[in-house]
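Observations on the three-dimensional arrangement
Chain by chain, the residues:
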Amino acid sequence: MVRLEDLRFAYPRGGEVLRGCTLGVRPGEVVALAGPNGSGKTTLLKIAAGLLRPTSGRAELDGKLVAAWDRVVRAKRLAYVPQKPMLPEDWPVSELVAMGDFPHQEAPPAPRPLAQRLHEAREALELEAIWDRPAGTLSGGEAQRVALARAFVQDAPVLMLDEPASHLDLRHQMALYCALAALARRGRAVLLSTHDINLSRLSEQRLLILDRGGVLRALPAEEEAQGRLLEDVFGVRFIARDLSGVTCWFPKVK
Amino acid sequence: MTAREGRVLILSAFAALAALGAALFLNLPRGLVSESGIFWGVRVPEALTAALVGGSLGLAGLLFQLVLRNGLADPYVLGVAGGSTFGAVLATLALGGAATAFGLPMTALAAFAGGLVTLFGLLRISSGKVTALLLGGVVANTAFAAGARVLTAWLSPSQLAWVTAFLVGFIPTPPLWAPLLLAPPALYTLARFAARGRGLDLLLLSDDEASSLGLAVGRMRTEALVLATLLSASAVALCGMIGFVGLVVPHVARLAAGRRHRVLVPASFLLGAAFLLAAHALGKVLSGTWFLPVGVYTSLVGAPVFLVLLVRTQRRAW
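Residues numbered from 1 in each chain as written. Chains lettered and ligands numbered in written order. Predicted model: local features only at pLDDT ≥ 70, side-chain atom pairs only at ≥ 80, totals over all residues. Heavy atoms only, no water.

**So, the overall build of chain B**
The condition that has to hold: Every helix listed is a DSSP run of H or I at least four residues long, and every strand listed is a run of E at least two residues long, numbered separately from the N terminus. Values of the radius of gyration come from C-alpha atoms, whereas the globule rule sets the reference at 2.2 Å times the count of residues to the power 0.38. Think of it in three bands: residues with accessible area under 20% of the maximum for their type are buried, residues over 50% are exposed, and the middle band is partly exposed, with areas taken using a 1.4 Å probe on protein chains only. By definition in these notes, contact holds between two residues if any of their heavy atoms fall within 4.5 Å. Every accessible area reported is derived by Shrake-Rupley at a probe size of 1.4 Å, with residue values counting cover from the shown protein chains alone.
Scanning chain B from N- to C-terminus turns up 13 helices and 0 strands. Beginning at the N terminus, the succession of helices and strands in chain B can be written as α-α-α-α-α-α-α-α-α-α-α-α-α. By the compact-globule yardstick of 20 Å for 318 residues, chain B fits well, its C-alpha radius of gyration being 19 Å. Across the 318 residues of chain B, 54% fall into the buried class. Counting only contacts in chain B whose residues sit at least 6 apart along the sequence, the fraction spanning at least 24 positions is 77%. When the accessible area of chain B is evaluated, it comes to approximately 13400 Å², of which 72% is carbon and sulfur surface.

**Here's the deal with helix 1 (residues 3-25) of chain B**
Residues separated by three or four positions in an α-helix point in the same direction, a consequence of the helix having 3.6 residues per turn. Residues and elements named next belong to chain B. Counted only if it meets this: Here the expected length of a helix is defined as 1.5 Å per residue gap, with one fewer gap than residues.
The first and last C-alpha atoms of helix 1 sit 33 Å apart over 23 residues, in line with the 33 Å expected at 1.5 Å per residue. Looking at helix 1, one finds that the buried residues are Glu 5, Gly 6, Val 8, Leu 9, Ser 12, Ala 16, Ala 19, Ala 23 and Leu 24. Where the residues of helix 1 are buried, they touch helix 2 (35-67), helix 11 (245-257) and helix 12 (261-285). Phi for Asn 27, located one or two positions after helix 1, is positive at around 60 degrees.

**What to know about the interface of chain A and chain B**
We count it as follows: Summed over both partners, the accessible area (1.4 Å probe) lost when two parts come together is defined as the buried area. Salt bridges are defined by distance alone: a side-chain nitrogen of Lys or Arg within 4 Å of a carboxyl oxygen of Asp or Glu.
Facing the 23 residues of chain A at the interface are 18 residues of chain B. Both sides of the chain A and chain B interface together cover about 2000 Å² of buried area, and 59% of this is carbon and sulfur. By the criterion of area lost to chain B, the three top residues of chain A are A:Arg71, A:Met86 and A:Phe102, representing 32% of everything that side buries. Along the contact surface separating chain A from chain B lie 3 salt bridges.

**Section: the sheet that holds strand 9 (residues 206-210) of chain A**
Residue and element names in this part refer to chain A. Keep this limit in mind: If DSSP finds at least two bridges between two strands, the strands pair. With axes taken as lines fitted to C-alpha atoms, and helix axes fitted only over the stretch in contact, angles between N-to-C directions fall between 0 and 180 degrees.
Strand order in the open sheet formed by 6 strands is 6-7-8-3-9-10, and the pairing between neighbours is mixed. In the strand order of this sheet, the two ends are held by strand 6 (78-81) and strand 10 (216-218), each with one partner. Averaged over all pairs of adjacent strands, the angle between strand axes in this sheet comes to 20 degrees, irrespective of strand direction. Bridge count for strand 3 (residues 30-34) against strand 9 is 4 bridges, and the pairing is parallel. Bridge pairing in strand 9 links Ala 34 to Ile 209. Strands in contact with helix 1 (residues 41-48) are strand 3, strand 6, strand 7 (158-161), strand 8 (189-193) and strand 9; relative to strand 8, the strand with the most contacts, it is inclined by about 150 degrees.

**Brief notes about the side chain of B:His261**
On the secondary structure map, B:His261 appears in helix 12. Residue B:His261 is classed as buried on the basis of its relative accessible area of 4%.

Rendered as structure tokens:
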């Protein structure tokens, strides 16, 4: 469904960020990208979403170059939420969430009615209490939930979310990850970036590490190798703890 | 459309019609043999001009403010009006008068070229910094106004009075077909963007968000800028630099009708028409006392209204 092949990317004046990233996301799968600041997670997501052209390599959506899709058709298949959404201050939450219906204004109409999609997104991201508030009065986490709800209403089979949990409190992080797992069970594919490797692993997401050199690395199965990879990439000492059968990693505090 | 949006549209239409009535009939000299001659030869073309120019300026202001994400943007502030004026004055002086079937379209074309070159030149120089763009626009306007006067003194000193009126903005008494030339671009832009209001709404988001929702952001923005420039240029070609309509009208429309562009586009057009028609009618009423170009009235009313809006938004920000 999503296929990235040997992606390389260099910003005109910023040097090379990605050096050969290959990755596939299948229906029913939630893939999480972790990595240090500036390792290229956002760049990778933007290329995968067709918002940025790679310097070389291919980014495909459903077997066709993601940049070659007609914009509206692509928006029906792929929803993207940036790390810092820009919401016009005087618009109420309800209307901002309903903007997710924009691509479905063009034929063919969305398979499910807008009212149902709005209702589900509102429930999943717990927006009832702020539904009529203007965006200018929202906190960072609330704004992030509004942008995520908009992507839910877009109802695309592929979701790309740039650090969707970065401003969320623990309760809403859990709610979001549960909602994403539910979407995956319905055959959706999700690609997201995160800094919380443990929550990702506990939520049964497939975790990939993007290292500073711009290369994607899968987490090895063996515990010791996992620890070495993480220490190497993040430059901190970790200790392992087993939580309900999943090895979780915590940085050592002196 | 919500009930409030519907009410605002109906009220705006009524305001435009009432102002049209006032501009047509107020102070019409009664009992003269030439009464119907004055009505058809003066009042009707003037009122049509005021309606279309006001609507064009209101709509152009809305589009500029949206695309540049700045409530201070309007054809006047951006230098578009100045560039257009310079082009128009140049064409008029070269052709020896604007109000001919050949001269007016040529003047409009020169105004359009002047406006486009100014806008895209300033966009390039300011490289995305809105403060630089607006300051550049103000400077360009002043420079173009001075340039237009120099051109006049040099080419045709006898037309200095006309150019002075042009720089303030006035409603000429054109032949009846002249306002009809304004109608196609104005009505096209109105219809085009009223139908694509939801797309305009998405321009309020970041480019990445709007694009991933399926909007061709670059194309939409360029189309809005070019059509807004065309509208202001055709307004300038006929009436010169009328200030404050493009600046104030979109703010009033947003205060009344809310935020959705499906409604703001027609509301800005109707309110712009109403505003300029009302200013024109005021000029007719006072014409026994003073004779002043309409741009004086729009500035006299528009400046305080804009100050009030500015203070209100600043207060809210604190």
